[in-house]
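Residue-level structural notes
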Amino acid sequence: MHFLRIVLICLGLTSLSARAVTLQTPTESEVRQIVTFSFLPGSTSEAIRIYREEVVPLYENNDAMLSFRAFREIESPIPLDLIAISSFRGMSGMDVSNAALRDIASAAGKSLGAIYGQIGALSSGHTDQFIEMLPSLGLGDPSASRITALVWYQVLPGKTDAFEDALSTALLSADGELSVPSATGRFLLSDGWHYLRFLGFGSLGEYQEYWSGATEHPAHQRIHALTVRRREVIVAAIPGLSVR
């Protein structure tokens, strides 16, 4: 069964949750925009309603957007109420998507700016980050798991090639042995971070077990030796806030 589960992860066919999941396995030239929101007290549910009723229907009709996922906080050391992740065929694909969305909204008698303005009015702050996905440095679809850990890495100067080599030759196979789906992106826009990894887990206990075993694992030791700092948040997908 353990071998079968690894095979299913490699094929992107496994899910640790009961919900129906459309796979979000990284593709070549894919860029993801990661918007992290903090909302005013008592406003999160209204923001999620606007996303579900106003935004998602527009995204569903926008073929220029590869996929969309929204996540709620499970555990986080930073202010976080919602993370919205949109995927495109490169940054130019985001330009195409934005133009298409304006046309789709206009045809529906809506204003995309007004909808985003409603969400912004509920927010006490947000950050935008962009990553270029690296399909060869991943295994399956972490967002299909019950919970997803997002792990930011700042790498020592001049060591990005060594970091990617350690991922491909050591850490990726170690994650596979544990049946942990993963995905990796290289930052195009951030506040000092170089890489973002997505890890899928079935529970908080699995998350703890993963990091508890990392201390002595040679693959993690290689990564740690190349890392200036690391930050993690744990999130879960919000039902009804996913496209493709």
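Residues numbered from 1 in each chain as written. Predicted model: local features only at pLDDT ≥ 70, side-chain atom pairs only at ≥ 80, totals over all residues. Heavy atoms only, no water.

Things to note about the overall build of the chain
On a plain count of helices and strands, the chain comes out with seven helices and eight strands. Relative to the 2.2 N^0.38 estimate, which gives 18 Å for 244 residues, the radius of gyration of the chain is 18 Å and therefore close to what a compact globule would have. C-alpha extents for the chain along the principal axes are approximately 55 × 40 × 35 Å. Taken across its 244 residues, the chain has 50% of its residues classed as buried. (Helix = DSSP H or I, 4+ residues; strand = E, 2+ residues; numbered from the N terminus. Rg over C-alpha atoms; globule rule 2.2 N^0.38 Å. Buried < 20%, exposed > 50% of the residue type's maximum accessible area, 1.4 Å probe, protein only.)

Regarding the pairing of strand S1 (residues 30-39)
Counting buried residues in S1 gives 10 out of 10 residues, a clear majority hidden from the surface. Covered by surrounding structure in S1 are Glu-30, Arg-32, Ile-34, Thr-36 and Ser-38 together with Val-31, Gln-33, Val-35, Phe-37 and Phe-39, the residues of both alternating faces. One ladder, built from eight bridges, connects S1 with strand S3 (residues 82-89); its direction is antiparallel. When the sheet's bridge partners are listed, Ile-34 is paired in S3 with Ile-85. Pairing of S1 with strand S4 (residues 123-133) involves nine bridges; the strand directions are antiparallel. In the strand pairing of S4, Val-35 is matched with Asp-128. (Pairing = 2+ DSSP bridges.)

A short note on the nonpolar core
Counting residues in each nonpolar core, the largest one holds 29 residues, and the members touching the most others are Phe-37, Tyr-51, Phe-68, Leu-82 and Leu-241. Contributing elements (two or more residues each) for this core: S1, helix H2 (44-60), strand S2 (65-75), S3, helix H3 (90-107), helix H4 (112-122) and strand S8 (227-243). Counting residues per element, this core draws most heavily on H2, which supplies eight residues. Beyond its immediate sequence surroundings of up to four residues, Phe-68 is in contact with Tyr-51, Val-56, Tyr-59, Ala-84, Ile-85, Ser-86, Leu-241, Ser-242 and Val-243. Grouped together as the second largest cluster of nonpolar side chains are 25 residues, Leu-137, Tyr-153, Phe-163 and Leu-226 included. (Core = buried A, V, L, I, M, F, W, Y, C linked by side-chain atoms within 4.5 Å. Contact = heavy atoms within 4.5 Å.)

As for the side chain of Ser-143
Within the secondary structure layout, Ser-143 lies in the loop between S4 and strand S5 (147-155). In terms of polar contacts, Ser-143 uses its side chain to reach the side chain of Asp-141, at 2.7 Å. (Polar contact = N/O pair within 3.5 Å; in protein donor to acceptor, adjacent residues only side chain to side chain.)

Quick notes on helix H7 (residues 218-225)
Along H7, the residues that are buried comprise Ala-219, His-220 and Ile-223. The buried side chains of H7 occupy one side of the element, clustering within an arc of 95° when seen end-on. With respect to the buried face of H7, the exposed residues turned more than 90 degrees away are Pro-218, His-224 and Ala-225. Of the surrounding secondary structure, the elements contacted by the buried residues of H7 are S5, helix H5 (160-177), helix H6 (204-214) and S8. (Arc of directions from axis to C-beta.)

Overview of the packing of H5 against H7
The interhelical angle for the contact between H5 and H7, taken along N-to-C directions, is 155°, at an axis separation of 8 Å. In terms of axis orientation, H5 runs roughly antiparallel to H7. The chirality of how H5 crosses H7 is left-handed. Counting all contacts with H5, which are made through Phe-163, Asp-165, Ala-166, Leu-167, Thr-169, Ala-170, Leu-171 and Ala-174, the residues of H7 involved are Ala-219, His-220, Arg-222 and Ile-223. (Axes fitted to C-alpha atoms, helices over the stretch in contact; angles between N-to-C directions. Parallel < 35°, antiparallel > 145°, perpendicular 65-115°, else oblique. Left-handed = near helix turned anticlockwise from the far one by under 90°.)

Some words on the packing of H2 against H4
Relative orientation and spacing of two packed helices are given, respectively, by the angle between their axes and the distance between those axes. Where H2 contacts H4, the two axes come as close as 10 Å, and the packing angle between them is 160°. Viewed along their axes, H2 and H4 adopt a mutual orientation that is roughly antiparallel. For the crossing formed where H2 meets H4, the hand is left-handed. Where H2 approaches H4, its residues Glu-46, Ala-47, Ile-50, Tyr-51, Glu-54, Val-55, Leu-58 and Tyr-59 are matched on the opposing element by Leu-112, Ile-115, Tyr-116, Gln-118, Ile-119 and Leu-122. Its residues placed into classes, the contact of H2 with H4 shows 11 nonpolar, one polar and two charged. (Nonpolar A, V, L, I, M, F, W, Y, C, P; charged D, E, K, R; others polar.)

Quick look at the sheet that holds S4
The eight strands are arranged S1-S3-S2-S8-S5-S7-S6-S4 in a closed barrel whose pairing can be described as antiparallel. Averaged over all adjacent pairs, the angle separating strand axes in this sheet is 35°, with direction ignored. Two strands pair when backbone bridges link them, and S2 and S8 are joined in this way by six bridges, in the antiparallel orientation. Bridge pairing in S8 links Glu-75 to Ile-234. Against the sheet, H2 touches S1, S2, S3 and S8, its axis set at about 70° to S8. Across the sheet, H5 lies against S5, strand S6 (182-189), strand S7 (195-201) and S8, angled at about 10° from S7, the strand it touches most.

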